[in-house]
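# Architecture and fold: a report
This is what each chain is made of:
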Amino acid sequence: MHYGPSSLRLTLAMTTTEKILAHFAEQSAICGNFGSPFTGQLMARMHDDIAQGGPTARLLEDWPTNPRADALALRLTGAAHAAALTNRDPQLAKLYPAQNPDWRMDEIWPLVRALFEREHAWAHAFIQSAPQTNEIRRSIALLAGFLHFAQNWRGPIDMLEIGASAGLNQNWDRFAYRPNGWSWGAESPVVVDTDWNGAPPPIDAPINVRSRAACDLNPLDIADEAQRLQLKSYVWPDQPDRLARFDGAVALALAHNTKVDRADAAVWLKDKLAARASDAATIVYHSVFLQYPPRETRQAIADAITAAGARASAQAPLAWLRLEPEALTDNVPDSLRMVLDLTTWPGAHRRILAYTDGHVRSVYVAE
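What this report covers is the structure whose coordinates are included nearby. As the structure is a prediction and not an experimental result, all values here were calculated from the model. Sequence order sets the numbering: in each chain, residues are counted from 1 along the sequence as written. Local features in a predicted model are, by the rule used here, given only for residues with pLDDT of at least 70; side-chain atom pairs are given and counted only at 80 or more, and totals for whole chains, interfaces and linings are based on all residues. Think of the side-chain values as coming from all heavy atoms in the structure, minus any hydrogens and water.

### What to know about the overall build of the protein
In terms of regular secondary structure, the protein is built from 14 helices and 11 strands. The atom set for the radius of gyration is the C-alpha atoms, and the globule formula is 2.2 Å times the number of residues raised to the power 0.38. The C-alpha radius of gyration computed for the protein amounts to 21 Å, which stays within 12% of the reference 21 Å derived for 367 residues, consistent with globular compactness. The dimensions of the protein, computed from C-alpha atoms along their principal axes, are 65 × 45 × 35 Å. Exposure classes here rest on a 1.4 Å probe applied to the protein chains alone. A residue is buried below 20% of its type maximum, exposed above 50%, and partly exposed in between. Here the protein, with 367 residues, has 55% of them falling under the buried criterion. Of the contacts made within the protein by residues no fewer than 6 positions apart, 70% connect residues no fewer than 24 positions apart. A total accessible area of about 16,300 Å² is found for the protein, and carbon and sulfur atoms account for 51% of it. For helices the rule is a DSSP run of H or I covering at least 4 residues; for strands it is a run of E covering at least 2, with both sets numbered from the N terminus onward. Any pair of residues with heavy atoms lying within 4.5 Å of one another is described as a contacting pair. To measure how exposed things are, a 1.4 Å probe is used in the Shrake-Rupley method; for residues, cover is taken only from the protein chains shown.

Shown next as structure tokens:
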């Protein structure tokens, strides 16, 4: 969701507390609509505690930047989930959905509130880090893009992912895809489904991945249990299918020694593209990433890809695959949709393949 001009002026006039309250109310509704009543209700309780000046409010005093852009509500619910996952609060862990499918927010909220009061320093430190979701289901949209590219390219492919978080989706070709109407991939600890609307992608196109590399400004190391649980804490606790996909993707990443370079995406990508091979295709891809870097970084990324595209050849084509907000890709104000688009060189040909949402619950193939 993006503000229009009138609501933007209103937001600028709001106090910090008013902005935080508006953000928590909005994000609570989004979580409810995205199938997580637990997270929605927990955010609603946090909203009220902030309004009343409780321990949640004290955690957020003098928050320096835009709470909406910072996904502040997701940081707070992530902290509570982390306390349950790590057994930092054993009583809270017993009441969270993983151990208590019949959870009641009236029982959970007092413990979360007490946690924020008692563990103020820990919770304050936790929320300094931006949420990293590594949403596994996004890989089914990306797969469609890879298959469309492979329809016209039979040679080796070098993969470059930017904004990769912990890199779980680097192993996209080791997942089993089982949407309605088609399937792709062998049996796997990660099974990805979705409500697919429209023609299936070209599932018979052979994909020859020769190499894969990725970067993130602050990659979490899943080999470290604390960092792995921090990453898992951002998955909504009452969505066992997402948690299962996360666990399966972690197992695959550890088995295949998946790595993510710590780097600025624009600098890393420029260097990688300058040294790209002349005997393979290169695919640059990313998902729900572009809203996070500043405008100048986004422009530098686009410039690096465009410059590399100008040097592309039939023997070494370049592709740019994005799953990003339509508001950014096509300047559609207030659009909530994500666009899957593929641009290829030589020729700078762009094609919109599909539309979806941030969790890829449904995919609508573009006509």
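### Details of the packing of helix α5 (residues 72-85) against helix α7 (residues 105-118)
Think of each axis as a best-fit line through the C-alpha atoms, taken over the contacting stretch in the case of a helix, with angles from 0 to 180 degrees between the N-to-C directions. Running from N to C, α5 and α7 cross one another at 95 degrees; their axes reach a closest spacing of 11 Å. Taken together, the axes of α5 and α7 are roughly perpendicular relative to one another. Facing α5, whose interface residues are L76, A79, A80 and A83, α7 presents V112, L115 and F116. Angles are sorted into four bins: roughly parallel if under 35 degrees, roughly antiparallel if over 145, roughly perpendicular if 65 to 115, and oblique for all others.

### Focus: the sheet that holds strand β4 (residues 195-197)
Sheet architecture is open: nine strands sit in the order β4-β11-β10-β9-β8-β7-β1-β5-β6, paired in mixed fashion. Each of the sheet's edge strands pairs with one partner strand only, and the pair in question is β4 and β6 (261-262). Sheet topology places strand β9 (residues 338-345) next to strand β10 (residues 349-356); seven bridges connect them, and they run antiparallel. Bridge pairing in β10 links T343 to R350. Packed on one face of the sheet, helix α12 (residues 265-274) meets β1 (157-162), β5 (209-216), β6, β7 (281-287) and β8 (318-325) and runs near 165 degrees to β1. Only when DSSP finds a minimum of two bridges between them are two strands counted as paired.

### Focus on the packing of α5 against helix α10 (residues 225-233)
One way to put it is that α5 packs onto α10 with a least axis distance of 8 Å and a crossing angle of 130 degrees. Considering the angle they form, α5 stands oblique to α10. Pair α5 / α10 crosses with right-handed handedness. Only L229, K232 and S233 of α10 make contact with α5, whose side of the interface consists of G78, H81, A82 and L85. Each residue receives one of three labels: charged for Asp, Glu, Lys and Arg, nonpolar for Ala, Val, Leu, Ile, Met, Phe, Trp, Tyr, Cys and Pro, and polar for the others, Gly being one of them. Among the residues forming the contact of α5 with α10, the class breakdown is three nonpolar, three polar and one charged. By convention, the crossing between two helices is left-handed when the near helix turns anticlockwise from the far helix through less than a right angle, and right-handed when the turn is clockwise.

### Some points on α7
Because an α-helix completes one turn every 3.6 residues, residues spaced three or four positions apart along the sequence face the same direction. To estimate how far a helix should reach, multiply one less than its number of residues by 1.5 Å. In this model α7 runs 19 Å from its N-terminal to its C-terminal C-alpha over 14 residues, within 8% of the 20 Å that 1.5 Å per residue would give. Contacts from the buried residues of α7 go to α3 (37-51), α4 (55-59), α5, α6 (90-95) and α8 (120-126).

### What about the pairing of β5?
As judged from the six bridges shared by β1 and β5, these two strands associate in the parallel manner. Each bridged residue has a counterpart across the sheet, and for M159 the counterpart in β5 is R212. Strand direction decides the pairing type here: β5 and β6, joined by two bridges, are parallel. Residue pairing in the sheet places C215 in a bridge with D261 of β6.

### Observations regarding the packing of aromatic side chains
Here the aromatic set is Phe, Tyr and Trp, taking the six-membered ring for Trp, and pairing holds for ring centres within 6.5 Å; pairs whose planes are under 30 degrees apart are stacked, those over 60 apart are edge-to-face, and all others are tilted. Counted by the stated rule, this structure contains 10 aromatic pairs. Ring plane angle 80 degrees and centroid distance 5.0 Å describe the contact between F38 and W103, whose orientation is recorded as edge-to-face. One end of the pair, F38, is in helix α3; the other, W103, is in the loop between α6 and α7, with 65 residues separating them in the sequence. The pair formed by F38 and W103 is uniform in burial state, with each residue classed as buried. Ring centres of F175 and Y177 lie 6.3 Å apart, and the angle between their planes is 45 degrees; on these two criteria the pair is classed as tilted. The residues F175 and Y177 share a single accessibility class, namely buried. Taken together, the aromatic side chains of F146, W172, F175, Y177, W184 and Y285 make up a single cluster linked through ring pairs. Positioned over the ring face of F34 is R361, at 3.9 Å from the centre of the ring. Look at NZ for Lys and CZ for Arg. If either is within 6 Å of the ring centre and within 35 degrees of the ring normal, a charge sits over the ring.

### A short note on empty space enclosed by the protein
A 1.4 Å probe that fits into a set of points on a 1 Å grid over the protein atoms alone but cannot get out defines a cavity; an open set with protein on both sides within 12 Å along at least five of seven lines defines a pocket, and lining residues are those with an atom within 4 Å of a point. Grid points are joined across faces, edges and corners, and a volume is the space filled by probe spheres set on the points. In this structure the tally under the stated criterion is two cavities of 30 Å³ or more. Approximately 50 Å³ is the volume found for the second largest cavity. Taken together, T133, N134, E135, I136, V235, R242, R245 and F246 make up the full set of residues lining the second largest cavity.

### Considering the layout of surface pockets
What the second largest pocket holds in volume is close to 250 Å³. Forming the boundary of the second largest pocket are H148, F149, N152, W153, P317, L318, L342, T344, W345, P346, H349 and R351. For the lining of the second largest pocket, the secondary-structure elements that each account for two or more residues are α9 (138-150), β9 and β10. Per-element accounting of the lining of the second largest pocket gives the leading share, three residues, to β9. Classifying every residue of the lining of the second largest pocket gives seven nonpolar, four polar and one charged.

Without other data, these values stay purely geometric and don't point to any function.
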